[in-house]
Amino acid sequence: MLKLKNVKSCFTPNSIQEAIDMLKKSDGKAALVGGGLDITVFPNPIIEQFIFLNKLGLTYIREDEENIKIGATSTITDIAKAPVMQNYLKGNVKIALAEIASELLRNQITIGGSIARHHFYSDIIPALYALRATIMVSDGELIEGFFVDDFYRNDLKTLMETCIVVGVHLNKYDDSFQFGLKRFVRNATDIALLNMAILAQIEEGVIKDVSISVGSRPGPAYRFEQGEAFLRGEKLTEVLAKDFESFTKSNVDVAKDMRLSKEYRQHLAGIYAKEILLDFIGGVR
Amino acid sequence: MKVCYSINGKKKEFEINAGEVLLDVLRRNGYFEVKGNCYMGTCGACTVLIDGLPYTSCTMLAAKVDGSEITTIKGIGTLQNPHPLQKAFVEKGAVQCGFCTPGTILVAYALLKNNPDPTDDDIKKMLDGNLCRCTGYVQQIEAVKLAAKMLKKGDE
Amino acid sequence: MKDFKHIGTNTGKIDALSLATGQSMFVDDISFPDMLQLKFLYSPHAHAIIEDIDTTLAEKYPGVGMVLTYKNTSRVIHTTAGQGWPEPSPYDTYMFNRKMRYIGDRVAAVAAETEEIAQEALKLIKVQYKVLPAVLDMEDAMKDEAPIIHDEPEVKGAYDPKRNLAAHILVKVGDVEKGFAESDVVVEDTFEVPYAQHCPIEPHVTITYLDEYGRIVIRTSTQVPFHVRRIVAQVLDIPVQKIRVIKPRIGGGFGVKQEIILEDVCAYVTMKTGKPTRALYTREEEFVSSRTRHQMKVNVKIGAKKDGTFNAVKMYVLSNTGAYGTHALTVASNAGSKTLPLYNKAPNVEYIADVIYTNLPIAGAYRGYGATQGYACLEQVVDEVAHKLELTPLEIRQKNHIKSGETSPIFRALGEGREGVTQYMQSCALDELIEKGAKEIGWLEKYGKKTRNGSKVRGIGMSIHMQGSAIPLVDMGAATLKMNEDASFNLMYGGTDLGTGLDTIAAQIVAETLGIKPEQVIVYAADTDLTPFDVGAYASSGTFISGGAVLRAAMKIREQIFEVVREMFGEYDARDFVLEDGKVTSKKTGKSVTLSEIAYQTLYVKNQHQIAATGSMVSPYSPPPFAAHFVEIEVDEETGIITPIKYVTAVDCGTPLNPELVRGQIIGALVNGLSYALFEEYKFTDSGRMIGSNFMEYRIPSTRDIPEIVPIIVRTYEPTGPYGAKSVAEININGPIPAIGNALYDAIGVRVHKVPYIPERVLEAIRNKK
Ligand SMILES: Cc1cc2nc3c(=O)[nH]c(=O)nc-3n(C[C@H](O)[C@H](O)[C@H](O)COP(=O)(O)OP(=O)(O)OC[C@H]3O[C@@H](n4cnc5c(N)ncnc54)[C@H](O)[C@@H]3O)c2cc1C
Ligand code: FES
Ligand code: FES
């Protein structure tokens, strides 16, 4: 069955500039194609033209002193297999990525497509929030880095009419940082219904800095700032983990739908908050 | 529009619709060994290798992979000269209805190319997108391990 | 135990290499240039009457071949259940109808040059509905004021359609009330199992075309080719003779393809237009508009003496057949008939079932066929009795379960929608199954120990089961064999291999009987023109009935061969002949002749005739296979998440004709059952629309969801089955719900009364306990 029957033409631009020119000219009728998973599974009848991003040279994972730089068309498989990710934050980011969806889809899902589609699924975005990623966006001339929080404060729809996501930068964190991600799925390859990611800097047993993000499908992921304030400066102990569990349960903001009640999601978020902190205690020892 | 693929080593040119997915292009042109029905990337029956990596062809825009090398199950072995994976699937009882089998074997093929000695866990992770309602997976996993052994013994 | 050459060996599945190399042809792997594509329009209302339907625009749409509605199709009331004739399911269905009974009921269809055109044309059909009040809940449907779903006068065979009762069963043995009164303990509980789907990876698909003589050929993904032929003939009002049904390779069935869903409509279009026609369900249609498992509420009450022996067992089943009554009566019968005989010591037994019409999707046959639902409750209540009496789950079962040489009055009292047949168990290894399974899971060390790791607690549970092997005195299959020059044999039989390996087992049976290799058997199956009759693949009948027919045909061939040899050797006592390794040898004289020589002689030289025979099998017995299931789980008390750690299933299927294939049936059914216990269920909106009719929302397991699984096959010999075999395909789907339920109780002392055991429900049960 032809689901995308209104599409008349395809372009494979060789430069970002060219891609954006086409996008602008299209009057909202063109779609950028990363992996194309969303595009094919949820066809949009408005679309008449595809702009394939695979020839833009955006499939790479590089590093410099400060950053790991991931190109927008890198897939989850690419990222999870990249040498720099193996030990990045003790390999915990890689492990989280490798659990997403299924192998066949990990081969297809691009980081750019996932970022641009943030309101639909929340599996990758909580990790990016917690990692304080910088989203690199280009309008054809300039490449601008948006702190992830700021990026999602934009009106994405309008921004994406004239810009494309070209990549994401992740800070390199030293050994004082720990990362953890927990997710609730109905079975292994499900898209998470709730997930929580925490990045914390722990020095001499004290949480110096922390960022936390919670995603709950179908709602968007967000920064759980109250939770961060609760933890910042506290001594990381089992008691704190317990306290944080109850704090999270009553303060976290989660979506609900027929798949899972709000109450259960709050309950789970509390448990995940506690478990991640307990893992951190284990990691420090 | 026209696209050009190399399918199982043979150059092919097809007239396609710009919005078409690869699965439809392949089946329309007689590659019936590529199965599938969900059109959501959720069952894996439509798996093909594109430049050596396995993808669900139902979610892959045919135009996007213009110029690629595509491998279907017929590209890795034949009735007369089966690949060790195909033999191992038969031997271990890993084929029941066989509707999922082409896809599953192709993913296993890609796995063994990179990892000649996979653990159970490696196999489970790699085959997690290929749903099988008949076998319950245990014999498939055993078959992949058997094939790995056969390949190491040089049974290509 | 006898020594066999091919029986009991792992002959590779004869079609497996062809499937694994992508050579095999499924229904949809052919195409005709002028083929019409069939698409359906479905009712958006759970209960409505079509006041008018206007198809003018759709008919005019370029590329449309035919538009079908109740106005221009035959109005023959029938059942879509592919069962033996006369069918035990009510006649309550038309190809198209004015009355809509659920969201997903068929309004109209368009056959067009492409699927896209058909889809567009469907949008042009104008339908005026008069919406009626709908009823989605079984209990509501039984109330006096409930809307009547089947109010058409033609309905036949439903128990009491005015009360939405599709079927009703009442069977009594002894006096249960008196039995309860005389018991030392009485325990009662209720469990609910939901709507669920088979999810064959290949959905329903049919292609029809006219052959060169104008007969209709139906190439279809079916479990019941001969029933398809009969029912299509009935619905289209044409002779059976005009129809040929072919079953090529099939992508799984599990019961959902024991149904005539697309065949009649497709054949009708071909008949009217003369064109090949194809109908292929989407995954969404497969969920909403094919068939499902019957949702059931099952109540079991057991009265027992202090020593643990059961004195009275009562089971009440409330079953939801949805909008139509296909398999309504028989699935409900099986919920009792395949469970209650297991505990044959109780002198007082009562079984009652009410099968209800509701405005929800249509239930049908699904692996386990009611027994799954029955066991979900029975095997948990048995554990509850054990706990009350401070016996272990093993002890209470060992005291009460049926044994070799025994019978149960239920066999006779409760048949397949009618009275059954008395059966004495000739093979039953339950004692050994329990012993071996318990050992493998480590029962003694683990039971009641509640090992804890933080919030996670381990528990183990078990359950025992039986099923049947075909429907006694109903199911019939036949097979024809003929001999070729090179001592190969053509086997033509009606047996319907859906991927289970039946064709392979048939070849093994022939090889064993005729002293040849399985490769020398050319199997051709399930084609109504070319093979003899067989009811098809259901009720665990494949090996027992179809295999039995093959054995009978082969035995006749053996006789015919010996007849020739008698003359050749001038010896008369066939008991002196040994048929082995492709030749017949006389023990007395040492004379020997190859089968090939016999074939040449009889085909070309002397006493010329074709060595060929047809055998039929129908059985007064339906020997049950048995199983004991054991599971260790870990349950997280904080989240309610259950993780199965290890699953052991010990199975007695008589002689395992092909152990590797038996293992495949055991594990396949088990994983399906596990998933049914832990994640699968339909969800509906308040108006009766299924939510999430795709694999993204309806989760079925992947490689990452399976625990360690240990199948144990205990060999027995069933004298009524081919080479001692009984069935194995269904039984193992029945264990996971009760076994996990019992393990959950062992771990944390709670029971979840609604399946699946999703974390939220488990957590709620934990909270309610506190
Ligand atoms: C069956 C299934 C299971 C899934 N499971 C998961 C899961 O477990 N976890 C999870 O997180 N997600 C899951 N997803 C969602 C998946 O992550 C999204 O579909 C993701 O957007 C796919 O990435 P893509 O590269 O294929 O996107 P595309 O389909 O290529 O694009 C998605 C959107 O982003 C736009 N876009 C793409 N690239 C760019 C760019 N560089 N700049 C600007 N805009 C761009 C496109 O125009 C489109 O609107 C699943 C999806 C499916 C269908
Ligand atoms: S058809 Fe492609 S994944 Fe199911
Ligand atoms: S063998 Fe039937 S789906 Fe896998």
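Residues numbered from 1 in each chain as written. Chains lettered and ligands numbered in written order. Predicted model: local features only at pLDDT ≥ 70, side-chain atom pairs only at ≥ 80, totals over all residues. Heavy atoms only, no water.

Caption draft 1: Representation of the overall build of chain C. Helix and strand counts for chain C stand at 20 helices and 29 strands. Here the C-alpha radius of gyration of chain C, 27 Å, is about what a compact globule of 770 residues would show, namely 27 Å. Overall, chain C is about 85 × 75 × 50 Å in size when its C-alpha atoms are taken along their principal axes. The buried share of chain C, reckoned over its 770 residues, is 68%. Long-range contacts, defined here as pairs at least 24 residues apart, represent 80% of the contacts in chain C between residues at least 6 apart. Looking at chain C as shown, the accessible area adds up to about 25,000 Å², and 51% of this sits on carbon and sulfur atoms. The distance from the centre of the 83 positive side-chain charges to the centre of the 95 negative ones in chain C is 1 Å. (Helix = DSSP H or I, 4+ residues; strand = E, 2+ residues; numbered from the N terminus. Rg over C-alpha atoms; globule rule 2.2 N^0.38 Å. Buried < 20%, exposed > 50% of the residue type's maximum accessible area, 1.4 Å probe, protein only. Contact = heavy atoms within 4.5 Å. Areas by Shrake-Rupley, 256 points an atom, 1.4 Å probe, with all protein chains shown as cover. Lys, Arg positive; Asp, Glu negative; His and termini not counted. Charge placed at Lys NZ, Arg CZ, Asp CG, Glu CD.)

Caption draft 2: Up close: the pattern of salt bridges. For the structure on display, the rule yields 82 salt bridges over all chains. The salt bridge involving Lys145 of chain B is made with Asp120 of chain B; its shortest N-O contact spans 2.4 Å. Of this pair, Lys145 of chain B sits in helix H5 (residues 138-152) while Asp120 of chain B is found in helix H4 (residues 120-126), placing the two residues 25 residues apart along the sequence. Overlapping salt bridges bring together Arg186, Asp190, Arg217, Asp257, Arg259 and Arg265 of chain A together with Glu697 and Arg699 of chain C as one network. (Salt bridge = Lys/Arg side-chain N within 4 Å of Asp/Glu carboxyl O.)

Caption draft 3: Broad picture of the interface of chain B and chain C. Facing the 43 residues of chain B at the interface are 53 residues of chain C. Between chain B and chain C, the buried area comes to about 3,900 Å², and carbon and sulfur atoms account for 63% of it. Linking chain B with chain C are 6 salt bridges. In this structure, Glu680 of chain C and Arg133 of chain B form a salt bridge, with 2.8 Å as the shortest nitrogen-oxygen distance. Every element with two or more residues in the side of chain B that touches chain C is listed here: helix H2 (84-91), helix H3 (101-114), H4 and H5 of chain B. Of the residues forming the side of chain B that touches chain C, the biggest block, 4 residues, is contributed by H5 of chain B. (Buried area = accessible area lost by both parts, 1.4 Å probe.)

Caption draft 4: Fine view of the domain arrangement of chain B. Residue and element names in this part refer to chain B. When cut into domains, chain B gives domain 1 (2-75) and domain 2 (84-152). Here the C-alpha centroids of domain 1 and domain 2 sit 21 Å apart. Taken together, the contacts link 15 residues of domain 1 with 12 residues of domain 2. Summed over both sides, the interface of domain 1 with domain 2 buries roughly 1,100 Å², with 71% coming from carbon and sulfur. The interface formed by domain 1 and domain 2 holds 0 salt bridges in total. Summed over the shared surface of domain 1 and domain 2, the number is 4 residue pairs in polar contact (both at pLDDT 80 or more). In terms of residue count, the dominant contributor to the side of domain 1 that touches domain 2 is strand S3 (residues 47-50) (3 residues). (Domains from an automatic or database assignment. Polar contact = N/O pair within 3.5 Å; in protein donor to acceptor, adjacent residues only side chain to side chain.)

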